[in-house]
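What the coordinates show
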Amino acid sequence: MEDLGSFFRRYVDAHLKLEEDVLDEFFHFPCLINDLSGVHAIGQSGDLHTYHQSFFEELRNADLAMAKSMVVEQHSSLPGGARAIVSFRFGNSENNLIFDCDYAFALLKQDEKWKIVFAQLDEIRYSDLY
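Notes on the structure follow. (Residues numbered from 1 in each chain as written. Predicted model: local features only at pLDDT ≥ 70, side-chain atom pairs only at ≥ 80, totals over all residues. Heavy atoms only, no water.)

Right, let's talk about the packing of aromatic side chains for a bit. A complete count under the given rule lists 16 aromatic pairs for this structure. Pairing Phe7 with Phe8 gives two aromatic rings, centres 5.0 Å apart and planes at 85 degrees, and the pair type is edge-to-face. Phe8 matches Phe7 in its accessibility class, with the two residues each being buried. Each member of the aromatic cluster is reached from another via a ring pair, and the members are Phe7, Phe8, Tyr11, Phe26, Phe27, Phe88, Tyr103 and Phe105. (Phe/Tyr/Trp six-rings, centres within 6.5 Å; stacked < 30°, edge-to-face > 60°. Buried < 20%, exposed > 50% of the residue type's maximum accessible area, 1.4 Å probe, protein only.)

Take helix 2 (residues 45-61) next. Compared with an ideal rise of 1.5 Å per residue, which puts 17 residues at 24 Å, helix 2 spans 24 Å between its outermost C-alpha atoms and is within 8% of the ideal. Its axis deflected by about 40 degrees at Gln53, helix 2 carries its strongest bend there. Of all the residues in helix 2, the buried ones are Leu48, Tyr51, His52, Phe56 and Leu59. Along its buried surface, helix 2 packs onto helix 1 (4-15), strand 1 (27-35), strand 2 (38-42), strand 3 (64-75) and strand 5 (97-110). Just downstream of helix 2, Asp63 is the residue with a positive phi angle, here 65 degrees. (Helix = DSSP H or I, 4+ residues; strand = E, 2+ residues; numbered from the N terminus. Expected span 1.5 Å × (residues − 1). Bend = angle between axes of the 7 residues up to and from the residue. Contact = heavy atoms within 4.5 Å.)

Looking now at the pattern of salt bridges. Summed over the entire model, instances satisfying the criterion amount to seven salt bridges. Where Asp100 meets Arg89, a salt bridge forms, and the shortest distance between an N and an O atom there is 3.3 Å. Note that Asp100 is positioned in strand 5 and Arg89 in strand 4 (residues 81-92), a separation of 11 residues in sequence. Glu123 is the partner of Arg125 in a salt bridge, and the nearest nitrogen-oxygen pair spans 3.3 Å. One network of salt bridges, in which partners are shared, links Arg89, Asp100, Asp102, Glu123 and Arg125. (Salt bridge = Lys/Arg side-chain N within 4 Å of Asp/Glu carboxyl O.)

Moving on, we come to the pairing of strand 2. Judged from the five bridges that link them, strand 1 and strand 2 form a sheet pairing that is antiparallel. The partner of Leu32 across the bridge, within strand 2, is Ala41. Taking the residues between adjacent antiparallel strands as the criterion, strand 1 and strand 2 are bridged by two residues. (Pairing = 2+ DSSP bridges.)

This part covers helix 1. The terminal C-alpha atoms of helix 1 lie 17 Å apart, and with 12 residues this matches the ideal 16 Å at 1.5 Å per residue to within 8%. Those residues of helix 1 that sit buried are Leu4, Gly5, Phe7, Phe8, Tyr11, Val12, Ala14 and His15. Near the N-terminus of helix 1, the side chain that reaches the backbone nitrogen of Gly5, with its oxygen 2.9 Å away, is that of Asp3. (Polar contact = N/O pair within 3.5 Å; in protein donor to acceptor, adjacent residues only side chain to side chain.)

Turning our attention to the environment of Arg89. Taking relative accessible area as the criterion, Arg89 reaches 39% and is therefore assigned partly exposed. The sequence separation of Arg89 and Cys101 amounts to 12 residues, and the corresponding C-alpha distance is 6.7 Å. Discounting residues that sit within four places of it in the chain, Arg89 has contacts with Met66, Ala67, Lys68, Leu97, Phe99 and Asp100. Here the side chain of Arg89 touches Asp100 through a polar contact of 3.3 Å, side chain to side chain.

Okay, structure coming up:
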């Protein structure tokens, strides 16, 4: 079983491709995403693609070249599940910060792989450059 640190490193690295479908493997469908605009019910991969479309456009425009994750807190005592708080950092090709943010996740083991069932944005901090 992959540990959560490795899972979230793969997850954040997938963002560097800037293609909505690369995130499908990380999510369980249906799932929920709670961000600054409210709660989004994601029933299928197409909903996830639509949800990420503007986010990936923003990252493209900012010249995304670096993405990092750090698991800040994790609890895996739930049978077949886990909770994690993860800090993400995104930077451009000049090594400048685009933004960083914190997310809380609920995950489920499905076929021995972690899947995100709920993601909640805690705080987002933008660089003064953008």
